[in-house]
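Here's the letter readout for the chains.
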Amino acid sequence: MRLALLGCGTVGSEVVRLLHEQSADLAARIGAPLEIAGIAVRRIGRDRGDLPVDPALFTTDALGLIKRDDVDVVVEVVGGIEPARGWLVEALRAGKSVVTANKALLAEDGGALHDAAAEGGGDLYYEAAVAGAIPLLRPLRESLHGDRITRVTGIVNGTTNFILSAMDATGAGFAEALEEATELGYAEADPTADVEGFDAAAKAAILASLAFHSRVGAADVHREGITEVTAADVASAKAMGCTIKLLCIAARGADADGRETVSVRVHPAMIPRTHPLASVGDAFNAVFVEAEAAGQLMFYGRGAGGAPTASAVLGDVVAVSRNRLAGVRAASESAYADLPVRPMGEALTRYHISLDVADRPGVLAAVAGVFARHDVSIATVRQGPAGGATAGRGEDADLVIVTHVAPDAALAATVQELRGLDIVRSVASVLRVEGGT
C-alpha cells in the first residue's frame, strides 16, 4: 500500500517514525507492506533532524503527488481549510482513501468530503481529528451504531483544561495560568483558537454529526471561551463543591412542537466534583457518552501531541488499507436523521450568577422578582459581605444565585434585567452549571 503524506510537522514526523519503527507489525496487520510514495511539504530544505526517510520523497507539489497512479491512501496532517479541502476532494473523487486529522475542515465542510468519498468510492477516516489518541469516533460510528445516543459531554481541548485545572489547584488567575501553559508548551504563541473555544467547537460539530446522524457544522455550535473565567469564579465553584471545565455538549431534545432536534454548544461550566469529568486534569481529554441501551460510557486519554495523534492516524491507515486490499468500503456517512440544530436560547441549562448589590432591606425580594418574571426558579442563594473594590464599605453585598434548569434565553433575559436594576451595582459573573438538577 502506497501512502501520500501531506505535511511533515509535529504529527507528520511522528507518522513517518512510527511507520519506520513498526513496519513489520503494520504489514502483518494489513496483509501488505506500507510504503511512503511521497511527502508534500512547504519547504523541502527544512532541517528535519534524523527523520528516517529518503530526502528524495519530499515535494512541494501536493496535488501532483495526490494524482499519482501509484498512490492508494492520502494522509493529510497539514490542517486549515484551503488548500487542504481541494487536495482531499481531488483524492476522494479519484477513488483514493483519505485519512485526515483536520478538525477545522471537517467541521467547516465535512459534507463536501463525504460527498466526494461517495462519488469516488474510497474511505474517509478521521479518528485523529478529535481527542488525539483516544479511540472515540469509531465507537460512535460503529460500536454504538445499534444504540441511540442521547448526549455527549466532553473536555476536548487540552490547553484550556490545563489552564482551568491550574486555576483550580493554585487559585491563580487566567493570565497567570495561561503563562504557565505557554511556558510548558501546552499553549501556542497565539492561543486564540484554544482559549476562545474555536478548537473545541470544531470537535463538538464532528461529535454531534456522528452521534446524531446529522450534518452539524462549526457555525451550528454555540461557542464561548474561558478568557472571562476569574479566580473568584473558581473559588465560588469550590464553595459549591464544583469545578469549572470548558465543555462541549451535544444533546438530543425537542422543539416547541415536539419535533426532535439537537443542541450543540461549547462554553465553560461548573460541574460537581463527583462527576466523572471533574477529575480530568492537566492537558488530558475525556468524553462522556450517554446512550439508551449502553448507559454511560467515558473515553479518556491524551487528546493532543505528535505521538498520540500519529497513533490515531496510523490506526485509520491500517483500517483503510485493509479495506482496499479486501476490495470493500467502510460504512458511508450516516446523516439520515437530518435533525435540525436547536438555537442556544432553547437549550436547557442552569446559571450561577454573582451580583454586587446594595446592602439594604428589600433587595433580595426585588432580585427574586426578576427571576419570577422570566419564569426562572431559584435553587440556592448565598449572601455575604462585598469583596473586591467595595470590600469593607458596608454598603454593598455579594449575592450568589444558582437557578434550576430553564431555557437559556430566559436565563439570559433575567441577567439582562438584573443589570438594569438600581440596586445591582454589577453582575460580577455568569456561568452555566451542568451535571445537576
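We now turn to the structure provided with this report. Every chain is numbered on its own, with residues counted from 1 as its sequence reads. Only residues with pLDDT of at least 70 get local features here, since the model is predicted, and only at 80 or more are side-chain atom pairs given and counted; chain-wide, interface and lining totals rely on the full set of residues. Excluding hydrogens and water, the side-chain values take into account all heavy atoms of the structure.

1. Notes on the overall build of the chain
- Tallying secondary structure elements over the chain gives 14 helices and 17 strands in all.
- Compactness check: the chain gives a C-alpha radius of gyration of 24 Å against a globular reference of 22 Å for 437 residues, within 12% of the reference.
- Across its three principal directions, the C-alpha atoms of the chain cover 80 × 50 × 35 Å.
- The 437 residues of the chain split such that 53% are buried.
- Should any heavy atoms of two residues lie within 4.5 Å, those residues are considered in contact. Long-range contacts, defined as pairs at least 24 residues apart, comprise 73% of the intrachain contacts of the chain with a sequence gap of at least 6.
- For every accessible area listed, the method is Shrake-Rupley and the probe measures 1.4 Å; residues are considered covered only by the protein chains on display. Just so you have it, the chain exposes about 18400 Å², and 50% of that area is on carbon and sulfur atoms.
- When charges are counted, Lys and Arg contribute as positive and Asp and Glu as negative, whereas His and the chain ends are disregarded. The location of each charge is read from NZ of Lys, CZ of Arg, CG of Asp or CD of Glu. Averaging the positions of the 39 positive and the 56 negative side-chain charges in the chain gives two centres separated by 2 Å. Strands here mean DSSP runs of E at least two residues long; helices mean DSSP runs of H or I at least four residues long; both are numbered from the N terminus. Between the two quantities, the radius of gyration covers C-alpha atoms and the globule rule is 2.2 Å times the number of residues to the power 0.38. Accessibility here uses a 1.4 Å probe with only protein chains present; expressed as a share of the type maximum, an area under 20% marks a residue as buried, one over 50% as exposed, and anything in between as partly exposed.

2. Notes on the sheet that holds strand S2 (residues 35–40)
- Reading across the sheet, the six strands line up as S3-S2-S1-S4-S5-S6 and stay open at both edges, with parallel pairing between neighbours. Where the open sheet ends on each side, the last strands, each with one partner, are strand S3 (58–59) and strand S6 (124–125).
- Contacting strand S1 (2–6), strand S4 (73–76), strand S5 (97–100) and S6, helix H12 (residues 306–326) crosses the sheet at an angle of about 170 degrees to S5. Strand pairing is assigned whenever DSSP detects at least two bridges linking the two strands. Fitted lines through C-alpha atoms serve as axes, helices being fitted only where they are in contact, and the angles separating the N-to-C directions of these axes extend from 0 to 180 degrees.

3. Section: helix H1 (residues 10–21)
- In this model, H1 (twelve residues) spans 17 Å end to end at C-alpha, consistent with the 16 Å of a helix rising 1.5 Å per residue.
- Buried within H1 we find Val11, Gly12, Ser13, Val15, Val16, Leu18 and Leu19.
- On the buried face of H1, the contacting elements are S1, helix H2 (23–30), S2 and H12. Helix span is expected to be 1.5 Å times the residue number reduced by one.

4. Comments concerning the packing of H1 against H12
- At a minimum axis separation of 8 Å, H1 and H12 run at an interaxial angle of 60 degrees. Viewed along their axes, H1 and H12 adopt a mutual orientation that is oblique. In terms of crossing hand, the pair formed by H1 and H12 is right-handed. Of H12, the residues touching H1 (which contributes Thr10, Val11, Glu14, Val15, Leu18 and Leu19) are Gly306, Ala307, Thr309, Ala310, Ser311, Val313 and Leu314.
- Among the residues making up the contact of H1 with H12, the classes are represented as eight nonpolar, four polar and one charged. Geometric relationships in this document are graded by angle, where less than 35 degrees denotes roughly parallel, more than 145 denotes roughly antiparallel, 65 to 115 denotes roughly perpendicular, and other angles denote oblique. Each crossing gets its handedness from the near helix: less than a right angle anticlockwise from the far helix is left-handed, clockwise is right-handed. Residue polarity follows a fixed list, in which Ala, Val, Leu, Ile, Met, Phe, Trp, Tyr, Cys and Pro are nonpolar, Asp, Glu, Lys and Arg are charged, and the others, Gly among them, are polar.

5. What about the layout of surface pockets?
- As defined here, a cavity is a set of points on a 1 Å grid over the protein atoms alone where a 1.4 Å probe fits but cannot get out. A pocket is an open set with protein on both sides within 12 Å along at least five of seven lines, and residues line them when an atom is within 4 Å of a point. Grid points are joined across faces, edges and corners, and a volume is the space filled by probe spheres set on the points. Its volume calculated, the largest pocket comes out at about 1400 Å³.
- In this structure, the largest pocket is lined by 49 residues; those nearest its centre are Thr10, Val11, Val77, Lys103 and Glu188.
- Breaking the lining of the largest pocket down by element, the ones donating at least two residues are H1, helix H5 (103–120), helix H7 (158–170), helix H9 (192–195), helix H10 (198–212) and H12.
- The element best represented in the lining of the largest pocket is H1, accounting for three residues.
- Here the residues of the lining of the largest pocket sort into 21 nonpolar, 17 polar and eleven charged.
- For the second largest pocket, the calculated volume is near 480 Å³.
- Lining the second largest pocket are 32 residues, and of these Gly110, His114, Tyr126, Ser209 and Glu333 lie nearest its centre.
- Its residues placed into classes, the lining of the second largest pocket shows 13 nonpolar, eleven polar and eight charged.

6. Examining the nonpolar core
- Ranked by internal contacts, the top residues of the largest apolar core, which has 81 residues, are Leu6, Val74, Leu136, Ile149, Ile163 and Leu207.
- A per-element tally of this core places H10 first, with eleven residues.
- Grouping buried Ala, Val, Leu, Ile, Met, Phe, Trp, Tyr and Cys residues that are joined through side-chain atoms within 4.5 Å yields what is termed a nonpolar core. By size, the runner-up hydrophobic cluster in this structure holds 34 residues, among which are Leu34, Ile36, Val99 and Val317.

That is the geometry; function is a separate question.
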